[in-house]
Amino acid sequence: MQAIRDVLDARRTGFRKGASPAFTHETLVRDIALEAERLSSFSLRRVINATGIVIHTNLGRASLSEHVMKNAAAIGQGYSNLEYDLGTGKRGKRHSHTWRILSWITGAEDAFIVNNNAAAVLLCLNTMARGREVIVSRGELVEIGGSFRVPDVMAASNAVLREVGTTNKTHLFDYERAINENTGLLLKVHQSNYKITGFTEDVGIQDLVSLGRKHGIPVMYDLGSGCLVDLKPYGIFTEPAVQEIVASGADIITFSGDKLLGGPQGGLIVGKQELLEKIRKNPLARALRTDKLTIAAFEATLREYLDEERAIRNIPVLHLLLQPQQEIHARAKRIEKGLKPVKGQAEVKVVRDSSKAGGGSLPEAEFPTYAVSVRPSKMTVHAFETRLRGSSPPVIARIREDALILDARTISDGEITAVVQIICGLLSDGQNPS
Ligand SMILES: *Cc1c(COP(=O)(O)O)cnc(C)c1O
């Protein structure tokens, strides 16, 4: 019924605006059928990520393991002790389920999780520096994904931005000179999605902490991605582990739950207990709180980190980034082999390529990978890409020159059959256009 109404309304509006009434009974019926199909399927759907970008913000960032989702499902399907203390039978605290394990893993005194990292930064600034000045280096006034900009979040939190230094160089004395009786916070922001190279200098967190101590001003580090394992053994030197920053003595550290940590969407705040008490008491904390499904997924994800090897094996983000080359190659080969039947319709080959972490994480790191390059001969690569996106499930891949590149890093074993069937279907359709 809704589909009929929508299609007829659209036609009437069209007539009023002077559209020609050129339609037949058949086209009307076809449009209604298409609209009915659209209305009866979900808007938010699974897609196959063939981009190779592991933390793809537009495709939902971190994917979660079956084990983690089972825990979230079990909690969601029934009642839980979300805010109920099973020992006393009295009201409990929602954050009680995650603070202890987060403290264990990071070495911090206390921890708190809110809706996302932007919320974490907003809440911390508002608690520690409302109406006061926050000193930040000009080289760290970042924008992430268009909607999170340090100066805007600062304004929204009612803190006053006090920029110091220049784009390429900021010295410790720049911070020191800017300190006055109205300074509320020294803030360092991780240059997540860019790197300033050449004639540069920034102040390390350790020096900033010493300066803060000297003047009795708290120091906060917005780490952005927030990795809980040391990636140096894997050849990645640009992302400090959260544990290292905690050890530096920073008072408050914020990071995302769904970037390198590989959990659900969330903003993690770890640091000094005295400050976390204040942060939790801020009325904004209630507005930014996480729901039970998120908490359940976080608890299960964080437990994996109690054993680093298990974390790397079981957390999809870490596994996808650090998986051995030959596993990726084997999947690319399987896809190539599956596409044999459409050899006449496209040139198919396995190529070496490089994937990105994504999500503003590890901007400089290249992850060598294998991809399947498909160059259709009977339709344009753009038409091919559009059809792949419109398939069920949609397959998201990128175009390079006149070939479609399907990065096998982010295509799971279980998705290979679907990818092969969809591509074979599209290419054989293209052979005899009706
Ligand atoms: C990603 C990022 C944020 C925003 O985190 P969300 O979880 O997307 O809200 C804030 N600061 C930095 C440095 C980031 O990299």
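Structural notes, computed from the coordinates. Since we're looking at a predicted model, the values are computed, not measured.

Examining the pattern of salt bridges
Thinking step 1. Evaluation of the coordinates by the stated rule reveals 32 salt bridges.
Thinking step 2. Salt-bridge contacts for Arg 310 lead to Glu 304; the nearest nitrogen and oxygen are separated by 3.1 Å.
Thinking step 3. By relative accessible area, which is 5% here, Glu 304 ends up buried.
Thinking step 4. One continuous salt-bridge network, built from bridges that share partners, spans Glu 83, Arg 91, Arg 94 and Arg 289.

Details of the site of the ligand
Thinking step 1. For the ligand, the set of nearby residues contains 13 residues, the closest of which are Arg 61, Ser 192, Asp 222, Ser 256 and Lys 259.
Thinking step 2. Between the ligand and Ala 118 there is a distance of 2.9 Å, counted from an oxygen atom to a backbone nitrogen or oxygen.
Thinking step 3. A distance of 2.8 Å separates an oxygen atom of the ligand from a polar side-chain atom of Lys 259.
Thinking step 4. Against a free-state accessible area of 380 Å², the protein chains account for coverage of 94% of the ligand.
Thinking step 5. Elements represented by at least two residues in the shell around the ligand include exactly helix H5 (117-129) and strand S10 (219-224).

Re the side chain of Ser 373
Thinking step 1. As for its position among the elements, Ser 373 is in strand S14 (residues 367-376).
Thinking step 2. In this structure Ser 373 touches Glu 347, Val 348, Lys 349, Val 351, Ala 403, Leu 404 and Ile 405, once residues within four positions along its chain are discounted.

A short note on the packing of aromatic side chains
Thinking step 1. For the structure shown, the criterion picks out 0 aromatic pairs.
Thinking step 2. Taking NZ or CZ as reference, Lys 169 lies 3.7 Å from the ring centre of Phe 199, over its face.

A word on the sheet that holds strand S11 (residues 252-256)
Thinking step 1. Across the sheet, which stays open at both edges, the 7 strands sit in the order S4-S12-S11-S10-S9-S5-S8 with mixed pairing between neighbours. Two strands bound the open sheet, and with one partner strand each, they are strand S4 (110-114) and strand S8 (160-164). Sheet twist, expressed as the average angle between the axes of neighbouring strands with direction ignored, equals 25 degrees.
Thinking step 2. Here strand S5 (residues 133-137) pairs with strand S9 (residues 183-189) via 3 bridges, running parallel. From the neighbouring strand, Ile 135 faces S9, where its bridge partner is Leu 186.
Thinking step 3. Strands in contact with H5 are S4, S5, S9, S10, S11 and strand S12 (267-271); relative to S11, the strand with the most contacts, it is inclined by about 160 degrees.

Structural notes on the packing of helix H3 (residues 66-76) against helix H12 (residues 292-304)
When two helices pack together, their arrangement is captured by the angle between the axes and the distance separating the axes.
Thinking step 1. Direction vectors running N to C along H3 and H12 enclose 145 degrees, while the axes themselves pass 8 Å from each other. For the element pair H3 and H12, the recorded crossing hand is right-handed. Between H3, through His 67, Val 68, Asn 71, Ala 72, Ile 75 and Gly 76, and H12, the contact on the second element is made entirely by Lys 292, Leu 293, Ala 296, Ala 297, Ala 300, Thr 301 and Glu 304.
Thinking step 2. Across the contact of H3 with H12, the residue classes tally to 7 nonpolar, 4 polar and 2 charged.

With respect to the nonpolar core
General note: in soluble globular proteins, nonpolar side chains tend to be found buried as a group.
Thinking step 1. Of all hydrophobic cores here, the largest spans 53 residues; its most connected members are Leu 186, Leu 228, Ile 253, Phe 255, Leu 260, Val 270 and Tyr 305.
Thinking step 2. In this structure, Leu 260 is in contact with Ile 55, Ser 225, Gly 226, Cys 227, Leu 231, Glu 239, Tyr 305, Val 317, Leu 318, Leu 321, Ser 361 and Leu 362, ignoring residues within four places of it in sequence.
Thinking step 3. Leu 123, Val 136, Ile 144 and Leu 185 belong to the second largest nonpolar core, which has 31 residues in total.

Definitions and limits used
Residues numbered from 1 in each chain as written. Predicted model: local features only at pLDDT ≥ 70, side-chain atom pairs only at ≥ 80, totals over all residues. Heavy atoms only, no water. Salt bridge = Lys/Arg side-chain N within 4 Å of Asp/Glu carboxyl O. Buried < 20%, exposed > 50% of the residue type's maximum accessible area, 1.4 Å probe, protein only. Near = heavy atom within 4 Å. Polar contact = N/O pair within 3.5 Å; in protein donor to acceptor, adjacent residues only side chain to side chain. Areas by Shrake-Rupley, 256 points an atom, 1.4 Å probe, with all protein chains shown as cover. Helix = DSSP H or I, 4+ residues; strand = E, 2+ residues; numbered from the N terminus. Contact = heavy atoms within 4.5 Å. Phe/Tyr/Trp six-rings, centres within 6.5 Å; stacked < 30°, edge-to-face > 60°. Lys NZ or Arg CZ within 6 Å of the ring centre and 35° of its normal. Pairing = 2+ DSSP bridges. Axes fitted to C-alpha atoms, helices over the stretch in contact; angles between N-to-C directions. Left-handed = near helix turned anticlockwise from the far one by under 90°. Nonpolar A, V, L, I, M, F, W, Y, C, P; charged D, E, K, R; others polar. Core = buried A, V, L, I, M, F, W, Y, C linked by side-chain atoms within 4.5 Å.

Fair warning: the whole summary comes from geometry, so function is off the table for now.
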